[in-house]
Structure formats: structure tokens, C-alpha cells
Amino acid sequence: MSYNAPPPPPSGPVGQTPPPNNLVWAILTTLFCCLPLGVVSIVYAAQVNGKFAAGDLAGAQESSRKAKQWAIWSAVVGVVVILIYIAVIIIAASSGTSTSTTSL
Amino acid sequence: MTQRPAPAGEIRRRGALSFAAVTVAGLAATAVVATVSPEESGHYPTCPFLAVTGLYCPGCGSLRTVHALAQGDVATAWDRNPLAVLLLPLVLVAWAAWGLRLLGRRAWHPSRVPARWIWALLVVVLAYWVARNVPGWTWLSPS
């Protein structure tokens, strides 16, 4: 997601805008990415504005980067799991063994 | 930030492309979940967290929630994952506000959410995670 116009903050370093907190990606990966890695993303999203308001621009940028990174990792792991699942089904089908997929 | 600043037109074009890509991907994913029912086993993989631990995570039941919402069945959606029902409107508002900003309007931005609200969200998510797994407390669990 691009954040080309972050809003001016009520506080923080003069003349700077807060880095994106990537909160929406954190919520989406928490809800939809199988592994609860997205929760870590929420932690970093929460750190962004707090550090920025305290004048710690570098820290805020680092938290912003990590929030994004954890959301991406969560999404990648989710996609990999789905691909492995599809591969297992194809292998099971081609080898002729009728394995039950119930409760999978 | 080590990226060199791009011209305004380039930034706008990139933003519009990202918005279009996210919109198409979101609609496609919703269409798949609406059509291929997650209520039937075998259609989608089990969450690895559930498969390994036997516990529900905060996202458990979210595909069934999206499926039910796509059918207009809010009651079933709520039964499967109430947190998802509460958070999805926020995602839609953020998406709409993103589109409005690309059109040059002033609109709300998720980075404007105060830090203490996000910490509160974290507490809610963690409490929800535990509460859905309390035996006998089925109203938060996806079943």
C-alpha cells in the first residue's frame, strides 16, 4: 500500500510526517494468514506513532519497517502453506491413494 | 529512507497502480471465498496453527465469516469470527480513504490512529485468542 500523503502529526519532530504504521496490513494478516504472525505486526504498528510523538524519528521508521516486514512474512508463510497443501493433494491424487482430506 | 524522491506525477501513478492491484486482488479473493464454500472440509487447508496446536487463533473462522458476509448472512458471520466482523469495516474504510486521497481529497489515514488504540487492539486480540479456547465458552469460537 502506498502512503504518499501521511497526515501532519500533532507532535513529533518539526517538519516531519510520521512513517506509515501499516496497521491495515497488520489486521489483514492477523485475520487471514493462518499463522498468527500478524499479531507481531500490530505491536510494531502501535510503536510507530508513540516513538514519533516522542521525537524518535529513526525508531519510528524502524518500527514502521518491521510492521511491514512481519505482515509480508505472515502473508508469504500463508501462501507457502497453501502451495504445499495443493502439492500434497496433487501427489496423493496422482499416486492413486485415496487419502481423506476431512478436517484439513 | 534512502530512496531518492520521485516526481509527484510518478508517485500518483504508482499509488493508483497499487490501489488498482489491491482492489482487484481483494475482489478476486472475496469472489473465490464467496463461491467455494469454506464451510465444507477439503476446500481450503486447515490453519497450520490449529493443525499443530489444536487451538483457535484470532483468525480462525475468518474465511467462513467472509463467505457468510458475501451471502448477506451477518448472524453466521458473527458466529464464525466476531472480531473479523468488527475489524473488516475498518479495512473497508481505510481502502475507501486511500482511494479518496488518490483523487486528491483529504481523507482519514490509518497512521492517524492513536498509539494507545492500537495497543488496546493488541490487548483485545490477545484476550480474544485466549477466550476462544476456553472450554464451554463457544460464543467466541468459530464452531
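Conventions adopted
Residues numbered from 1 in each chain as written. Chains lettered and ligands numbered in written order. Predicted model: local features only at pLDDT ≥ 70, side-chain atom pairs only at ≥ 80, totals over all residues. Heavy atoms only, no water. UniProt positions renumbered as here; feature names shortened; annotations may be inferred. Helix = DSSP H or I, 4+ residues; strand = E, 2+ residues; numbered from the N terminus. Core = buried A, V, L, I, M, F, W, Y, C linked by side-chain atoms within 4.5 Å. Buried < 20%, exposed > 50% of the residue type's maximum accessible area, 1.4 Å probe, protein only. Contact = heavy atoms within 4.5 Å. Axes fitted to C-alpha atoms, helices over the stretch in contact; angles between N-to-C directions. Parallel < 35°, antiparallel > 145°, perpendicular 65-115°, else oblique. Left-handed = near helix turned anticlockwise from the far one by under 90°. Nonpolar A, V, L, I, M, F, W, Y, C, P; charged D, E, K, R; others polar. Salt bridge = Lys/Arg side-chain N within 4 Å of Asp/Glu carboxyl O. Disulfide = S-S within 2.5 Å. Buried area = accessible area lost by both parts, 1.4 Å probe. Polar contact = N/O pair within 3.5 Å; in protein donor to acceptor, adjacent residues only side chain to side chain.

1. A look at the UniProt feature "transmembrane region" (unreviewed entry) in chain B
All names here are of chain B.
Thought 1: Following the UniProt record, the feature "transmembrane region" (unreviewed entry) maps to residues 83–103 and 115–131 here.
Thought 2: The distance from the first to the last C-alpha atom of residues 83–103 is 31 Å, and the span holds 95% helix and 0% strand.
Thought 3: In the segment residues 115–131, helix accounts for 100% and strand for 0%; the C-alpha atoms at its two ends are 24 Å apart.

2. Notes on the nonpolar core
Thought 1: Judged by nonpolar contacts, the single largest core of 26 residues is most densely connected at A:Leu23, A:Ile27, A:Ile42, B:Ile118 and B:Leu121.
Thought 2: Looking at this core, the elements with two or more residues in it are helix H1 (23–32) and helix H2 (38–53) of chain A together with helix H5 (82–102) and helix H6 (115–131) of chain B.
Thought 3: Tallying contributions element by element places H6(B) first for this core, with 7 residues.
Thought 4: In this structure, A:Ile42 is in contact with A:Ala26, A:Thr30, B:Ile118, B:Leu121, B:Leu122 and B:Val125, ignoring residues within four places of it in sequence.

3. Looking at the packing of helix H1 (residues 8–35) of chain B against H5(B)
Residue and element names in this part refer to chain B.
Thought 1: H5 packs onto H1 with a crossing angle of 150° between their chain directions and a minimal axis gap of 10 Å. If you check the angle between H1 and H5, you find them roughly antiparallel. Helix-helix and strand crossings are classified by hand; for H1 and H5 the assignment is left-handed. Every residue of H5 that contacts H1 at Arg12, Gly15, Ala16, Ser18, Phe19, Val22 and Thr23 is listed here: Trp95, Trp98, Gly99 and Leu102.
Thought 2: Of the residues belonging to the contact of H1 with H5, the class tally is 6 nonpolar, 4 polar and 1 charged.

4. Observations regarding the pattern of salt bridges
Thought 1: Counted under the stated rule, the structure contains 5 salt bridges over all chains.
Thought 2: Measuring nitrogen to oxygen at the nearest pair gives 3.7 Å for the salt bridge that ties A:Lys66 to A:Glu62. Residue A:Lys66 and its partner A:Glu62 are both found in helix H3 (residues 57–94); the two are separated by 4 residues, about one turn of the helix.
Thought 3: For A:Lys66, a relative accessible area of 28% gives the class partly exposed.
Thought 4: Judged by its relative accessible area of 31%, A:Glu62 falls in the partly exposed class.
Thought 5: Two residues, B:Glu10 and B:Arg13, come together in a salt bridge whose shortest N-O distance is 3.3 Å. Residue B:Glu10 and its partner B:Arg13 are both found in helix H1; the two are separated by 3 residues, about one turn of the helix.
Thought 6: What emerges from the salt-bridge pattern is a single network uniting A:Glu62, A:Arg65 and A:Lys66.

5. Section: the packing of H1(A) against H5(B)
Helix packing geometry: the angle between the two helix axes and the distance between the axes.
Thought 1: At their nearest, the axes of H1(A) and H5(B) sit 10 Å apart, and the two run at 145° to each other. Helix-helix and strand crossings are classified by hand; for H1(A) and H5(B) the assignment is left-handed. Where H1(A) approaches H5(B), its residues A:Val24, A:Ile27, A:Leu28, A:Leu31 and A:Phe32 are matched on the opposing element by B:Leu83, B:Ala84, B:Leu87, B:Leu88, B:Leu90, B:Val91 and B:Ala94.
Thought 2: For the contact of H1(A) with H5(B), a count of residues per class yields 12 nonpolar, no polar and no charged.

6. A short note on the state of the cysteines
All names here are of chain B.
Thought 1: One pass over the full model with this rule turns up 0 disulfides over all chains.
Thought 2: Left without a disulfide partner, Cys57 is nearest to the cysteine sulfur of Cys47, which lies 4.4 Å away.
Thought 3: In this structure Cys60 is a free cysteine whose sulfur lies 6.0 Å from that of Cys57, the closest cysteine sulfur available.
Thought 4: By relative accessible area, Cys60 is classed as buried at 10%.

7. As for the interface of chain A and chain B
Thought 1: On the chain B side, the residues contacting the 37 residues of chain A number 42 residues.
Thought 2: Together chain A and chain B conceal approximately 3400 Å² of surface at their shared face, both sides included; 76% is due to carbon and sulfur atoms.
Thought 3: One can count 0 salt bridges joining chain A with chain B.
Thought 4: The tally of links from chain A across to chain B stands at 5 residue pairs in polar contact (both at pLDDT 80 or more).
Thought 5: Elements with a minimum of two residues in the side of chain A that touches chain B: H1, H2 and H3 of chain A.
Thought 6: Residues of the side of chain A that touches chain B, tallied by class, amount to 26 nonpolar, 11 polar and no charged.

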